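One-letter residues, chain by chain:
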Amino acid sequence: MKHAEQVTLIRRTLDLIQRRTTDMDAEPDQRPVDIYTSPTRLERERGQLFQRYPIILTSAALLQRPGDYVTHDGLGVPILLSVDKEGQIRGFLNACRHRGARLLDGPTGVARSSFTCPFHGWTYGLDGKLLHVPHAYGFAEGHCERTALTPFPVRVKFGMVWTDPGPDLDAFLGPLAQELAGWNLSRLQPAYQLTFSPNANWKLLMEVAFEVYHFRKTHAQTIAPWLHDNIALHDDFYPHQRMIVPRNRINACLDRDPASWDLLSVANVVYLIFPNTVLMLREGPTILQTVFPSSLDRTLWRTWASAARVPQTEREVRHTRADRESFETTLDEDFRRVTSIQSGLRSGANQVVTFGRFELGPIRFHRALDDFLAR
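**Q** Just give me the short version of the overall build of the chain, but keep the residues and values in it.
**A** In terms of helices and strands, the chain carries 11 helices and 19 strands. The globule rule puts the C-alpha radius of gyration for 375 residues at 21 Å, and the 22 Å found for the chain is close to it. Principal axes of the C-alpha set define a box for the chain whose edges measure 80 × 50 × 40 Å. Classification of the 375 residues of the chain by burial places 54% in the buried group. Expressed as a percentage of contacts within the chain between residues at least 6 apart in sequence, the contacts between residues at least 24 apart total 66%. Here the chain contributes 44 positive and 42 negative side-chain charges, whose respective centroids are spaced 2 Å apart.

Shown next, in the form of structure tokens:
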């Protein structure tokens, strides 16, 4: 992001702090409880959101050398992402062409020369071609030459691996594409990964990731003391969003020359990449988080932290470990809350869910969902 834009965002955020307010919608909003509890609604979301539009699968930082791989099951089919010998990231269905067994179970791995099915030993090259069949005489002549892993179309951009269902990615991102390009995310190296499966509807996870109203109570002993209470700057990149979350130290900018201002040193820059991704840039490692519905009230949450360099020195390793532990604790606080919310929604106590005017992120998220589900 250009420095002039950073200065503008800091000025706008300082203005909110000085006026003791935050960005807000015109009115509070309400949503029916059944959007979190209806199986029909979930199937519509899966079909009309997760199948039709580009979806981020993982950070490209994990896929740098030939043989590096990532597995993914969030879209309802087993996916294998790997790097071929030419350095190209490819996508396949993670299923052997013999009897359909999964080729790989672990979430990530590095530097393999091939993929061998653990059931009968069929072996595939990094380009997906079938290389070896034990006792090949039992199959039709030329079977190896005709059989390869089933491709799954993907594209790589802004340091992330996306599904490629057809719609142009830049058109889908709109003005956000230029902003993402400005952060140079493709240079990042992997720092750590986290995977969770909270018992809550996926939309509850997206909501809690994009509002700061809950920080003071939910994160009272972790991140809240470092941040301004219920103050965030919101910008709409429909259907995507950007949120600036100021730290207390932003106040010091008032006494410094704007030429020295640096946004990431005084605030977190958080993007909601519609429909299911949260990207957070900050002073520490960049955080990429994806949310996939496993079922109506269970969600696959994956976090990838990336930094300018792989932690090497003892000090860097220690800081990375501390960052991971802090982030994991904060996520656990959120997950315990949304799990209790899901239970409360199923209890029948409420007919609607209410969002205050300052819960602008969830309000805009649900409006975009309504629009896309109506198409």
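**Q** So what about the sheet that holds strand 4 (residues 79-83)? Which residues, and what values?
**A** The strand order across the open sheet built from four strands is 5-4-3-6, with neighbouring strands paired in antiparallel fashion. Bordering the open sheet on either side are strand 5 (89-93) and strand 6 (108-109), each of which pairs with just one other strand. Of the pairings in the sheet, the one linking strand 3 (residues 69-72) to strand 4 comprises four bridges and is antiparallel in character. In the strand pairing of strand 4, Tyr 69 is matched with Ser 82.

**Q** I'd like to hear about the pattern of salt bridges, residue by residue, with values.
**A** In the structure shown here, the tally under the stated rule is 25 salt bridges. Across the pair Asp 25 and Arg 367 runs a salt bridge, and its minimum N-O distance is 2.6 Å. Of the two residues, Asp 25 is situated in the loop between helix 1 (3-18) and strand 1 (29-32) and Arg 367 in helix 11 (residues 360-373); the sequence distance between them amounts to 342 residues. Judged by relative accessible area, which is 12%, Asp 25 ranks as buried. The shortest N-O distance in the salt bridge between Arg 318 and Glu 314 comes to 3.9 Å.

**Q** Give a description of the sheet that holds strand 18 (residues 298-307) that names residues and reports values.
**A** Strand-to-strand pairing in sheets goes through backbone hydrogen bonds, with the strands running parallel or antiparallel. Read across the open sheet, the seven strands follow the order 12-18-17-16-15-14-13; overall the sheet is antiparallel. On the outer flanks of this sheet lie strand 12 (189-196) and strand 13 (233-237), each paired with one strand and no other. Within this sheet the neighbouring strands show an average axis-to-axis angle of 15°, counted without direction. Of the pairings in the sheet, the one linking strand 12 to strand 18 comprises seven bridges and is antiparallel in character.

**Q** Describe the packing of aromatic side chains, and please don't skip the residues or the numbers.
**A** Going through the model one piece at a time under the given rule, you end up with 13 aromatic pairs. Relative to Phe 292, the ring of Phe 50 lies with its centre 5.9 Å away and its plane at 45°, an arrangement referred to as tilted. Of this pair, Phe 50 sits in helix 3 (residues 39-50) while Phe 292 sits in strand 17 (residues 286-295), and the two are 242 residues apart along the sequence. Accessibility expressed as a relative area gives 4% for Phe 50, which makes it buried. An aromatic cluster is present here, built from Phe 50, Tyr 53, Phe 172, Trp 202, Tyr 238, Phe 274, Phe 292, Phe 365 and Phe 372 joined pairwise through their rings.

**Q** Explain helix 1 residue by residue, including any values.
**A** For helix 1, with 16 residues, the first-to-last C-alpha span of 22 Å sits near the 22 Å given by 1.5 Å per residue. Those residues of helix 1 that fall on the buried side of the exposure criterion are Gln 6, Val 7, Leu 9, Ile 10, Thr 13, Leu 14, Leu 16 and Ile 17. Among the residues trailing helix 1, Arg 20 stands out with phi positive, at a value near 55°.

**Q** Describe the nonpolar core, and please don't skip the residues or the numbers.
**A** Counting 101 residues, the largest nonpolar core has Leu 173, Trp 202, Tyr 271, Ile 273 and Phe 274 as its most contacted members. In this structure, Trp 202 is in contact with Leu 42, Glu 45, Leu 49, Phe 50, Pro 275, Asn 276, Val 291, Pro 293, Thr 299, Phe 365 and Leu 369, ignoring residues within four places of it in sequence. The next biggest cluster of nonpolar side chains, apart from the first, holds 15 residues, and it includes Phe 92, Cys 96, Leu 103 and Leu 126.

**Q** So what about the side chain of Arg 247? Which residues, and what values?
**A** Among the secondary structure elements, Arg 247 is positioned in the loop between strand 14 (240-246) and helix 9 (263-266). You can call Arg 247 buried: its relative accessible area is 12%. There is a polar contact of 3.4 Å between the side chain of Arg 247 and the side chain of Asn 268. In this structure, Arg 247 is in contact with Trp 226, Leu 227, His 228, Leu 264, Ser 265, Val 266, Ala 267, Asn 268, Arg 282 and Glu 283, ignoring residues within four places of it in sequence.

**Q** An account of helix 10 (residues 314-346) is requested, with residue identities and associated values reported.
**A** An ideal rise of 1.5 Å per residue puts 48 Å on 33 residues; helix 10 measures up with 48 Å between its terminal C-alpha atoms. Listing the buried residues of helix 10 in full gives Thr 320, Asp 323, Phe 327, Thr 330, Leu 331, Glu 333, Asp 334, Phe 335, Val 338, Gln 342 and Leu 345.

**Q** Got a sec to walk through unusual backbone geometry? Specific residues and values, please.
**A** Along the chain, Tyr 238 connects to Pro 239 via a cis peptide bond; the corresponding omega equals 0°. The linkage connecting Phe 274 with the following residue, Pro 275, adopts the cis geometry, with an omega of 5°. Turning to its location among the elements, Pro 275 is positioned in the loop between strand 15 (267-273) and strand 16 (277-281). Located in the positive-phi region is Phe 158, a residue other than glycine, with phi close to 55°. Mapped onto the elements, Phe 158 comes out in the loop between strand 10 (154-157) and strand 11 (160-163).

**Q** Any chance you could break down the pairing of strand 1 for me, citing the residues and the numbers?
**A** Burial of the side chains of strand 1 is restricted to one face: Asp 29 and Arg 31 are buried, whereas none of Gln 30 and Pro 32 on the reverse face is. Bridge count for strand 1 against strand 19 (residues 352-355) is four bridges, and the pairing is antiparallel. Among the inter-strand pairings, Asp 29 is bridged to a residue of strand 19, identified as Phe 355.

Criteria and cut-off values
- Residues numbered from 1 in each chain as written.
- Predicted model: local features only at pLDDT ≥ 70, side-chain atom pairs only at ≥ 80, totals over all residues.
- Heavy atoms only, no water.
- Helix = DSSP H or I, 4+ residues; strand = E, 2+ residues; numbered from the N terminus.
- Rg over C-alpha atoms; globule rule 2.2 N^0.38 Å.
- Buried < 20%, exposed > 50% of the residue type's maximum accessible area, 1.4 Å probe, protein only.
- Contact = heavy atoms within 4.5 Å.
- Lys, Arg positive; Asp, Glu negative; His and termini not counted.
- Charge placed at Lys NZ, Arg CZ, Asp CG, Glu CD.
- Pairing = 2+ DSSP bridges.
- Salt bridge = Lys/Arg side-chain N within 4 Å of Asp/Glu carboxyl O.
- Axes fitted to C-alpha atoms, helices over the stretch in contact; angles between N-to-C directions.
- Phe/Tyr/Trp six-rings, centres within 6.5 Å; stacked < 30°, edge-to-face > 60°.
- Expected span 1.5 Å × (residues − 1).
- Core = buried A, V, L, I, M, F, W, Y, C linked by side-chain atoms within 4.5 Å.
- Polar contact = N/O pair within 3.5 Å; in protein donor to acceptor, adjacent residues only side chain to side chain.

Just geometry here; none of it tells us what the structure is for.
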